[in-house]
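Here is how the chains run, residue by residue.
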Amino acid sequence: MIRFEQVTKRYPDGTTAVDDLSFEVAEGELVTLVGPSGCGKTTTMKMVNRLIEPSSGRILMDGEDVSSVNPVELRRRIGYVIQQVGLFPHKTVLENTATVPHLLGWQRAKARTRAAELLDLVGLDPSVYGDRYPEQLSGGQRQRVGVARALAADPPVLLMDEPFGAVDPVVREHLQNEFLKLQSQVRKTVLFVTHDIEEAVRLGDRIAVYGQGRIEQFDAPAAVLGTPATPYVADFVGADRGLKRLSVTPIEESDLEQPPVVHLDDPLPRELGARWAVVLDSAGNLHGWLSAEHARAAGSAGSTVREHARRMDAWLPLGASLKQAFATMLQHDAGWIAVIDEGPGRFLGVLTPAKLHEALRRSIDADAQDVPRTAVELDSISTVPSAAGPASSDGRGIKR
Ligand SMILES: Nc1ncnc2c1ncn2[C@@H]1O[C@H](COP(=O)(O)OP(=O)(O)OP(=O)(O)O)[C@@H](O)[C@H]1O
């Protein structure tokens, strides 16, 4: 979808910002460009919509050399979100969002309807926020309007330059989650610049780690964290990359243990054979848990599990990340969490801290041994977005 072919950018003062860059972003893929300040990320991005022209090499979008497309026409096909959102202060939120459809000559009513839909999609109720002016919004809300505006004309490509860089860490994580959800619906081809490796890992299907003007590694997040291609990348992703891996490693069925199970309408057992048992309803869905101590103490004949079961709030769907599992354990002060089938909600097993640790080891070892690393060469670049990306393990709530 977007293909860089040996692209170099040398500024007139002799600075080589980007040096012989070749990579490809597949349709619907989100690639994060990450690296320290001044390594050429923004220059890379601005060459796609021709805010900057390459000194040599070419950039193709859908097979077409962007240098042959009129820049104004080109930019209408490319949504652009930047850190300082650049909303028009004298226009309302709705008018700001409808800017590009207006420029494209859409009828006013159609443009406004579309803008309202987009505001809704980014979590801003148009009836509440549509008539406000940008100064009447929080920083996070302004960023959302920026995203809505960039999507308004439904461009196939989005360029995002540190879009969440100016908000505090909590709002930032919230915006990242919302953006992942949004991206799973709209499936744009996205180039996303950040200097934050955590953000790159959370959002990217693949990550391009920049050194000075060059890509040091172009790979799925798990591979960048598990097998850094160079000492530079290892240093950049940090000594705590084992921890960062938690967020890109999904819970798998083989990680689960099978505790004793009782059903709601079973007579209350005197012994469980363990300190606790999972309680299921007749459809096999998770209801809660029963403690052996409680069952023993209750002991009265005639009662059923239903009267003694406790609710279980610490649960996650299969495929959620180990990081979510760890956070859920901490949040509920739980020694284990239940894992259910995402669709029908069937109980699958439990994840314990020991199994969580094993899963993390498995993931690190697998990468160290045999995960093929994608070389930064055009011919070897896979066009399939990685299933290991954080987008595939969406952030699900914990409580029912
Ligand atoms: N107009 C320009 N003239 C000369 N040098 C420039 C110009 N614009 C950028 N540079 C230089 O090119 C290099 C890459 O800049 P670029 O903005 O692409 O980096 P970046 O990775 O996006 O950095 P940051 O994270 O700080 O935004 C830097 O050394 C920068 O100083």
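Labelled according to an unreviewed UniProt entry, the protein appears under the name Betaine/proline/choline family ABC transporter ATP-binding protein, originating from Streptomyces albipurpureus. UniProt lists a comment for the protein under the heading Sequence similarities (unreviewed entry), and it reads "Belongs to the ABC transporter superfamily."

1. As for the overall build of the protein
The helix and strand inventory of the protein stands at 15 helices and 17 strands. Projected onto its principal axes, the C-alpha positions of the protein cover 85 × 55 × 35 Å. Looking at the 400 residues of the protein, the share that counts as buried comes to 50%. For the protein, contacts bridging at least 24 residues in sequence account for 64% of all contacts bridging at least 6. Surface summary for the protein: the accessible area is close to 18,100 Å², and the carbon and sulfur share equals 50%.

2. Structural notes on helix α5 (residues 108-121)
For α5, spanning 14 residues, the distance from its first C-alpha to its last is 20 Å, which sits close to the expected 20 Å at 1.5 Å a residue. Where α5 is buried, its residues meet α3 (93-97), α4 (99-103), α6 (126-129) and α7 (139-151).

3. Some words on the nonpolar core
Core analysis: the largest hydrophobic core is formed by 30 residues, its most contacted members being M160, F179 and F192. At the level of elements, α3, α5, α7, β7 (157-161), α8 (169-186) and β8 (189-194) are the ones that each hand at least two residues to this core. No other element matches α7, which puts five residues into this core. If we skip the residues at most four places from it in the chain, F179 touches L30, L158, M160, F164 and F192.

4. Quick notes on the domain arrangement of the protein
Domain boundaries in the protein define domain 1 (2-247 + 375-392) and domain 2 (253-359). For domain 1 versus domain 2, the distance between C-alpha centres works out to 41 Å.

5. Describing the sheet that holds strand β15 (residues 315-317)
Overall, mixed pairing links the three strands, which are arranged β15-β16-β17 in an open sheet. Unpaired on one side and paired on the other, β15 and β17 (347-351) mark the two borders of the sheet. Put simply, the sheet's adjacent strands are angled 30° from each other on average, direction ignored. Bridge count for strand β16 (residues 337-340) against β17 is four bridges, and the pairing is antiparallel. Bridge pairing links A338 to V350 in β17. Of the strands in this sheet, β15, β16 and β17 are in contact with helix α14 (residues 322-331), which crosses β15 at around 165°.

6. Concerning the pattern of salt bridges
Note that side chains of opposite charge can pair when their charged atoms are close. With the rule as written, the count across this model stands at 15 salt bridges. In this structure, the salt-bridge partner of R58 is E5, at a minimum N-O distance of 2.7 Å. Of this pair, R58 sits in strand β4 (residues 56-61) while E5 is found in strand β1 (residues 2-10), placing the two residues 53 residues apart along the sequence. On the basis of relative accessible area, E5 is assigned to the buried category, the value being 17%. With a closest N to O distance of 2.9 Å, R306 and D265 form a salt bridge. Taken together, the residues R306 in the loop between α13 (292-298) and β14 (310-311) and D265 in the loop between β11 (261-263) and β12 (276-280) connect sequence positions 41 residues apart. In this structure, a network of salt bridges that share partners links the residues R3, E5, E24 and R58.

7. Topic: the packing of aromatic side chains
On inspection of all chains with the given rule, the structure shows seven aromatic pairs. Ring geometry for F4 against F23: centres 4.6 Å apart, planes inclined by 10°, an arrangement best described as stacked. A residue pair is termed long-range when its members are at least 10 positions apart, and F4 in strand β1 and F23 in strand β2 (residues 16-25) qualify at 19 residues. Just as F4 is buried, F23 falls in that class too. A ring pair is formed by F164 and F192, whose centres lie 5.9 Å apart and whose planes are at 55°; its orientation type is tilted. With F164 in the loop between β7 and α8 and F192 in strand β8, this residue pair connects regions lying 28 residues apart in the sequence. Here F164 and F192 have matching classes, each one buried. Put simply, the rings of F4, F23 and F218 touch in pairs and so form one group of aromatic residues. Geometry around W106 places K110 over its ring, the cationic atom sitting 4.2 Å from the centre. Between the NZ or CZ atom of R149 and the centre of the ring of F88, over which it lies, the distance is 5.9 Å.

8. Observations concerning the site of the ligand
Inspection of the region around the ligand gives Y11, D13, T15, A17, P36, S37, G38, C39, G40, K41, T42 and T43 as its neighbouring residues. In this structure, an oxygen atom belonging to the ligand sits 2.6 Å away from a side-chain N or O atom of S37. Note that an oxygen atom of the ligand is positioned 3.0 Å from one of the backbone N or O atoms of G40. Taking 640 Å² as the accessible area of the ligand by itself, protein coverage stands at 61%. Top contributing element to the shell around the ligand by residue count: helix α1 (residues 41-48), with three residues.

9. Considering the packing of α7 against α8
The interhelical angle for the contact between α7 and α8, taken along N-to-C directions, is 20°, at an axis separation of 10 Å. With respect to α8, the element α7 is oriented roughly parallel. Considering only the axes of α7 and α8, their crossing is right-handed. Each of G140, Q143, R144, V147 and L151 in α7 lies in contact with α8, whose residues at this interface are V171, H174, L175, E178 and L182. The residue inventory of the contact of α7 with α8, partitioned by class, reads five nonpolar, three polar and two charged.

Parameters and conventions
Residues numbered from 1 in each chain as written. Predicted model: local features only at pLDDT ≥ 70, side-chain atom pairs only at ≥ 80, totals over all residues. Heavy atoms only, no water. UniProt positions renumbered as here; feature names shortened; annotations may be inferred. Helix = DSSP H or I, 4+ residues; strand = E, 2+ residues; numbered from the N terminus. Buried < 20%, exposed > 50% of the residue type's maximum accessible area, 1.4 Å probe, protein only. Contact = heavy atoms within 4.5 Å. Areas by Shrake-Rupley, 256 points an atom, 1.4 Å probe, with all protein chains shown as cover. Expected span 1.5 Å × (residues − 1). Core = buried A, V, L, I, M, F, W, Y, C linked by side-chain atoms within 4.5 Å. Domains from an automatic or database assignment. Pairing = 2+ DSSP bridges. Axes fitted to C-alpha atoms, helices over the stretch in contact; angles between N-to-C directions. Salt bridge = Lys/Arg side-chain N within 4 Å of Asp/Glu carboxyl O. Phe/Tyr/Trp six-rings, centres within 6.5 Å; stacked < 30°, edge-to-face > 60°. Lys NZ or Arg CZ within 6 Å of the ring centre and 35° of its normal. Near = heavy atom within 4 Å. Polar contact = N/O pair within 3.5 Å; in protein donor to acceptor, adjacent residues only side chain to side chain. Parallel < 35°, antiparallel > 145°, perpendicular 65-115°, else oblique. Left-handed = near helix turned anticlockwise from the far one by under 90°. Nonpolar A, V, L, I, M, F, W, Y, C, P; charged D, E, K, R; others polar.

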